[in-house]
Amino acid sequence: MAFTKTVALLLLAASDLVVKGEVRKFPDTLSFGVATAAYQIEGAWNVSDKGESIWDHFTHTTDTIKDRSNGDLACDSYNQHKRDIEMVKELGVDYYRFSISWTRILPDGFSNRLSQDGIVYYDTLINDLIAANITPFVTIYHWDLPQRLQDLGGWTNPMMADFFTDFAKVAFEAFGDRVKSWLTFNEPWVVCLEGYGSVTKAPALGMTGIAEYMCAHNLLKAHAKAYHLYDDVYRPIQKGRVGLSLNTNWHEPATQSPTDLEAAERAMQFYLGWFGHPVFSREGDYPQVMKDRIAQNSLAQGYPRSRLPEFTSEEISYIKGTHDFFGLNHYTTTLVRMPKKVLEGPSFYDIDLGTEIFRDPAWPGSASFWLKVVPWGFRNLLNWIKKNYNNPEIIVFENGFSDIDNKNDTDRISYYNKYLNALLDAIEDGCNVSAYTAWSLMDNFEWLEGYTERFGLYYVDFNDPKRPRTAKASALYYKSILETRTIERK
Ligand SMILES: *[C@@H]1O[C@H](CO)[C@@H](O)[C@H](O)[C@H]1NC(C)=O
Ligand SMILES: *[C@@H]1O[C@H](CO)[C@@H](O)[C@H](O)[C@H]1NC(C)=O
Ligand SMILES: *[C@@H]1O[C@H](CO)[C@@H](O)[C@H](O)[C@H]1NC(C)=O
């Protein structure tokens, strides 16, 4: 005991012994990228035969977007993909992560009718990227469901596993000869929790405690079905890889008391474990703590069965192991404690998860209320994934910082410096991180925040219909890191 404690103290001391100004080298095996998503950048929402997505519908029929804006024009990337590739090239990244708009290639949502113009758009983008020596990394679903499928219940409809797999099949068929890296889903937690449980993403159903669990259930089956399709039919000939990207904050216990430690671990399971455990754990299925708590709460509330749907044992095996890497989106950290009295609020957060989540006011902020700069949380999270999911290969698909309007974005430079140093710390801890993706290539439509919060390495002038892009100071900083594959410890 005493010995272990001494060793632990020595280790702590060693990691505290950071030499400021030290230049640290990234492993040669680590590649770097930059990311965007279709609805946030493309515009051209109604060109040719493109169908209506839930984000087209939501922005046109509600007034919930902060600046009353929408993605009708966005960054105009539909017409300016050559300029986008020029920027990607200028940064010197290895790959570009973008998403395919479902209704641009399947206007009705179903795969009986393809849009030739839609296919040509992505064909050209992919060909031009490859010609520029940039690897395309494609997200199949980044939140823009066809409105017609939403009218059928969206992700609460069990048929969605088939409809999504039909869409994925079209993508594998059309682009898989050149695209070798695929994500089925971006941030299922946000899709289900914010779109179905609460009202902060389309379709804003707000049926907490019910709809998010139904959504997750069908989405996990959809992911697994598309993965198996690729594995059975396309992998032998196309030789690519498929995964999904899960988002989570690091949940730090507010104190080291046993109850706060339990609360923080529970939060990790309700955020990352909800989707991570079925796919990445040895046992599969939802985390035990979710199954137990939601079943208990449901019965106490008078429901005849748990509000968390159950997988059959066949489904558990079918979903388990459907990954070629662990995809992670991470921005920030929160503090978690056990509540002193029973909480009364949204079912997911207060009843089922049942913890208090807050932020240390001393942590530096950003333009987004939720995004505080806590780089050590990134290191802890990567270690948690290593420990809980058997040291998987991890690809970071999003990490970045928001500000209001600033081309000399020194706060973003500082964020990237700190988070990339934390990433290196985690790699030195033995975490197997193979790639890192900055969010985002350029300022874009930030969902409910419209154009009021900017995450770009490139500045976009949204007052100019031509949407000119300019490199911010952070673009030059990221470029210099990629050129030297080193980073200074600040
Ligand atoms: C497409 O939408 C824009 C608004 O974003 C509108 O001005 C334009 O008329 C629409 N075009 C067609 C062909 O419907
Ligand atoms: C990291 O993951 C890759 C891909 O699965 C694997 O080839 C490599 O051996 C792993 N490295 C370590 C140190 O575990
Ligand atoms: C950018 O901001 C930093 C810190 O505020 C300042 O030192 C620097 O001179 C600025 N650079 C330019 C080009 O304005």
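Before any of the text, the structure's been laid out above.
Q: How should the packing of helix α16 (residues 410-428) against helix α17 (residues 473-484) be read in this particular structure?
A: Helix-helix packing is characterised by the crossing angle of the two axes and by the distance between the axes. Look at α16 against α17: their axes get within 9 Å of each other, and the N-to-C directions meet at 30 degrees. Here α16 lies roughly parallel to α17, going by the angle between them. Every residue of α17 that contacts α16 at Arg-412, Ile-413, Tyr-416, Asn-417 and Leu-420 is listed here: Ala-473, Ser-474, Tyr-477 and Ile-481. For the contact of α16 with α17, the class distribution of residues is 6 nonpolar, 2 polar and 1 charged.

Q: What should I look at first to understand the state of the cysteines in this one?
A: Covalent bonding between the sulfur atoms of two cysteines defines a disulfide. All chains considered together, the criterion is met by 1 disulfide. The disulfide bridge from Cys-192 ends at Cys-215, spanning 2.0 Å between sulfur atoms. Across the S-S bond of Cys-192 and Cys-215 the torsion is about -70 degrees, and the bridge reads as left-handed. Of this pair, Cys-192 sits in helix α9 (residues 188-197) while Cys-215 sits in helix α10 (residues 211-238), placing them 23 residues apart in sequence. Given a relative accessible area of 0%, Cys-192 falls into the buried group.

Q: Please clarify how the packing of aromatic side chains should be interpreted in this entry.
A: The geometry of an aromatic ring pair is captured by two quantities: the separation of the ring centres and the angle between the planes. Going through the model one piece at a time under the given rule, you end up with 57 aromatic pairs. Relative to Phe-348, the ring of Tyr-213 has its centre 6.1 Å away and its plane inclined at 40 degrees; by these criteria the two rings are tilted. With Tyr-213 in helix α10 and Phe-348 in helix α14 (residues 347-353), this residue pair connects regions lying 135 residues apart in the sequence. Like Phe-348, Tyr-213 is buried. Within the aromatic cluster, the residues linked to one another by ring pairs are Phe-26, Phe-32, Phe-378, Phe-401, Tyr-415, Tyr-416, Tyr-419, Tyr-436 and Tyr-478. One residue, Arg-104, lies across the ring of Tyr-121, its end atom 5.9 Å from the ring centre. The aromatic ring of Tyr-459 is capped on one face by Lys-407, whose charged end is 4.7 Å from the ring centroid.

Q: Could you clarify how one ought to interpret the pairing of strand β11 (residues 394-398) in this entry?
A: For a regular strand, side chains alternate in direction, first toward one face of the sheet and then toward the other. The buried fraction of β11 amounts to 5 of the 5 residues, a majority that puts the element mostly inside the structure. As paired strands, strand β8 (residues 326-329) and β11 are joined by 4 bridges and run parallel to one another. In the sheet register, Asn-329 faces β11, and the bridge partner there is Glu-398. Of the strand pairs in this sheet, β11 and strand β12 (residues 433-439) are connected by 3 bridges, and their pairing is parallel.

Q: Would you mind showing me how to read the site of ligand 1 here?
A: Close contacts around ligand 1 come from Trp-45, Asn-46 and Asp-72, and that covers them all. With respect to ligand 1, the side chain of Trp-45 contributes an N or O atom lying 3.0 Å from an oxygen atom. Out of a free accessible area of 370 Å², ligand 1 has 28% covered by protein chains.

Q: How should I be thinking about α16 in this particular structure?
A: Residues spaced three or four apart along an α-helix point in a common direction, a consequence of the helix completing one turn every 3.6 residues. The end-to-end C-alpha distance of α16, which contains 19 residues, comes to 27 Å, matching closely the 27 Å that a straight helix rising 1.5 Å per residue would cover. Taken across its 19 residues, α16 has 14 buried, putting it largely inside the fold.

Q: Please clarify how the nonpolar core should be interpreted in this entry.
A: Within soluble globular proteins, side chains that are nonpolar tend to cluster in buried spots. In this structure, Trp-55, Trp-155, Phe-164, Trp-182 and Trp-274 are the most contacted members of the largest nonpolar core, which totals 151 residues. The greatest single-element share of this core, amounting to 13 residues, is contributed by α10. Counting residues in each nonpolar core, the second largest holds 7 residues, with Tyr-95, Leu-183, Ile-395 and Ala-435 among its members.

Q: Which parts of the structure should I look at to understand the sheet that holds strand β2 (residues 31-35)?
A: Strands in a sheet are paired, the pairing made by backbone hydrogen bonds, and the direction either parallel or antiparallel. With parallel pairing, 8 strands are arranged side by side around a closed barrel as β2-β3-β4-β5-β6-β8-β11-β12. Averaged over neighbouring strand pairs, the angle between their axes works out to 25 degrees when direction is ignored. Bridging between β2 and strand β3 (residues 95-99) involves 3 bridges; their strand directions are parallel. For Val-34, the partnering residue across the bridge sits in β3 and is Tyr-96. Of the strands in this sheet, β4 (135-141), β5 (181-186) and β6 (241-247) touch α9, which is tilted by about 45 degrees from β6.

What counts and how
- Residues numbered from 1 in each chain as written.
- Chains lettered and ligands numbered in written order.
- Predicted model: local features only at pLDDT ≥ 70, side-chain atom pairs only at ≥ 80, totals over all residues.
- Heavy atoms only, no water.
- Axes fitted to C-alpha atoms, helices over the stretch in contact; angles between N-to-C directions.
- Helix = DSSP H or I, 4+ residues; strand = E, 2+ residues; numbered from the N terminus.
- Parallel < 35°, antiparallel > 145°, perpendicular 65-115°, else oblique.
- Contact = heavy atoms within 4.5 Å.
- Nonpolar A, V, L, I, M, F, W, Y, C, P; charged D, E, K, R; others polar.
- Disulfide = S-S within 2.5 Å.
- Buried < 20%, exposed > 50% of the residue type's maximum accessible area, 1.4 Å probe, protein only.
- Phe/Tyr/Trp six-rings, centres within 6.5 Å; stacked < 30°, edge-to-face > 60°.
- Lys NZ or Arg CZ within 6 Å of the ring centre and 35° of its normal.
- Pairing = 2+ DSSP bridges.
- Near = heavy atom within 4 Å.
- Polar contact = N/O pair within 3.5 Å; in protein donor to acceptor, adjacent residues only side chain to side chain.
- Areas by Shrake-Rupley, 256 points an atom, 1.4 Å probe, with all protein chains shown as cover.
- Expected span 1.5 Å × (residues − 1).
- Core = buried A, V, L, I, M, F, W, Y, C linked by side-chain atoms within 4.5 Å.

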